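Examination of the molecular architecture
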Amino acid sequence: MKLNLRAHSRWALALLAFCSLAVARDLDQDEALQLRQQGVILPLEQLLQQALDLHPGAKLLEAELEEKHGVYIYEVELLDTDGVVRELDLEAATGRLLKDKED
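So, a few notes on the structure that sits alongside this text. Residue positions within a chain follow its written sequence, with the count starting from 1. With the structure being a predicted model, the display of local features is reserved for residues of pLDDT at least 70 and the display and counting of side-chain atom pairs for 80 or more, all residues being used for whole-chain, interface and lining totals. Side-chain metrics rest on all non-hydrogen atoms present in the structure, leaving aside hydrogens and water.

Brief notes about helix α3 (residues 44–54)
Buried within α3 we find Leu47, Leu48 and Ala51. Buried residues of α3 fall within an arc of 105° about the axis and therefore sit on the same side. The exposed set on the far side of α3, more than 90 degrees from its buried face, consists of Glu45 and Asp53. Taken together, the buried residues of α3 touch β2 (59–68), β3 (71–79) and β4 (85–91). The rule is simple: take the accessible area with a 1.4 Å probe, protein chains only, and divide by the maximum for that residue type; under 20% is buried, over 50% is exposed, in between is partly exposed. Only DSSP runs of H or I with at least four residues qualify as helices, and only runs of E with at least two residues qualify as strands; both kinds are numbered from the N terminus onward. Directions pointing from the helix axis toward each C-beta atom define the arc. By definition, residues are in contact when any of their heavy atoms lie within 4.5 Å.

Printed below as a string of structure tokens:
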């Protein structure tokens, strides 16, 4: 019985890991442009400025648009003036800050 429970637990963990990978999807430039033109998301430039305003003097390292659980999110990585990499998630439709943490 114990072995069977352990096997089921491993299977459940593997399924959970697979599902968590499947819910986040990077969007390409064409998809992002289409969403922007349809008014679904705000321009990346606008939200980049918002992120940089939160960390004056920071430099942009990377920015990408993802879809997680049906929500479009700009994931932005900044290098702040102390040399710390910060990861910010901004809701692409509203600009709302979802996450701001050291990476």
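From this point, the narrative continues.
Details of the pattern of salt bridges
What counts as a salt bridge is simple: a side-chain nitrogen of Lys or Arg found within 4 Å of a carboxyl oxygen of Asp or Glu. One pass over the structure, following the stated rule, counts nine salt bridges. For aspartate 100, the salt bridge identified is with arginine 86, shortest N-O distance 2.9 Å. Highlighted residues: aspartate 100 in strand β5 (residues 97–102) and arginine 86 in strand β4, separated in sequence by 14 residues. Its relative accessible area of 14% is what places arginine 86 among the buried residues. A salt bridge links glutamate 91 to arginine 96, with the shortest nitrogen-to-oxygen separation between them at 3.1 Å. Owing to a relative accessible area of 16%, glutamate 91 belongs among the buried residues under this scheme. Within the structure, one salt-bridge network assembled from shared partners comprises Glu66, Lys68, Glu75, Glu87, Asp89 and Lys99.

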